[in-house]
Amino acid sequence: MTSYLVLEAPNGPDRDHKTTRFIADRFVWLALIAPWLWLALNRLWLAAAIVFVAIILAGQASMLPGFEPAGILCGFAIALITALEGRNFLVRHLIGKGWKMTSVISAPDLSSAEEIYFSDLTDTATTEQLSQPVWTPAPQRSGDKNFVNDPAGSFLFDLNGRR
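Please read all numbers here as calculations on a predicted model, not as lab measurements.

Of all hydrophobic cores here, the largest spans 18 residues; its most connected members are L7, I23, W38, L39 and L94. Counting residues per element, the ones that place at least two in this core are β1 (2-8), α1 (29-33), α2 (35-41), α3 (45-62) and α4 (68-96). Tallying contributions element by element places α4 first for this core, with 5 residues. What L94 contacts, discounting residues up to four positions off in sequence, is L7, R21, I23 and W99. Counting 9 residues, the second largest nonpolar core, distinct from the first, contains V6, F22, Y117 and F118.

This is how it looks when you write it as structure tokens:
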């Protein structure tokens, strides 16, 4: 089971909840391979620049005689910390920009997490006489693993709750 952090936009969710983000709290393989790239793809510019410079310095240190193990371990530690805590960096960044974390949901995949979250919302639309969006799960095709629908979450690139 994966924990999904549910964040709503700073100005509140829109009527169809298209701005609501579900961010999976799990290991990020791309951040282990290229931490600065993962941070830059998620618009964490300052962290990406700091990590980029730190990895360059670790690489330079690994070329000095006697410092090879220290430089390699430093570079690996930076990548490992980013892979383990990258999603936390992203959530903290969004909360700092005014996003509101409304819930944490444990579910096997993103579609199940969305179904659990939206089934728990109160039906305020009936009192306001607004039409409510219909949240139906997408039909699952057997053997269908693509960029957006990877139930195991093993693909390197992830949308981090974006649609």
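Right, let's get into the sheet that holds β1. What the 3 strands build is an open sheet, ordered β2-β1-β3; its pairing is antiparallel. In the strand order of this sheet, the two ends are held by β2 (21-25) and β3 (100-107), each with one partner. Taking the axes of each pair of neighbouring strands and ignoring which way they run, one obtains an average angle of 25° across the sheet. Inspection of the sheet shows β1 paired to β2 by 5 bridges, in the antiparallel sense. Bridging across to β2, L7 finds its partner in R21. Together, β1, β2 and β3 form the strand contacts of α4, whose direction differs from that of β2 by roughly 150°.

So, how was this worked out
Residues numbered from 1 in each chain as written. Predicted model: local features only at pLDDT ≥ 70, side-chain atom pairs only at ≥ 80, totals over all residues. Heavy atoms only, no water. Core = buried A, V, L, I, M, F, W, Y, C linked by side-chain atoms within 4.5 Å. Buried < 20%, exposed > 50% of the residue type's maximum accessible area, 1.4 Å probe, protein only. Helix = DSSP H or I, 4+ residues; strand = E, 2+ residues; numbered from the N terminus. Contact = heavy atoms within 4.5 Å. Pairing = 2+ DSSP bridges. Axes fitted to C-alpha atoms, helices over the stretch in contact; angles between N-to-C directions.

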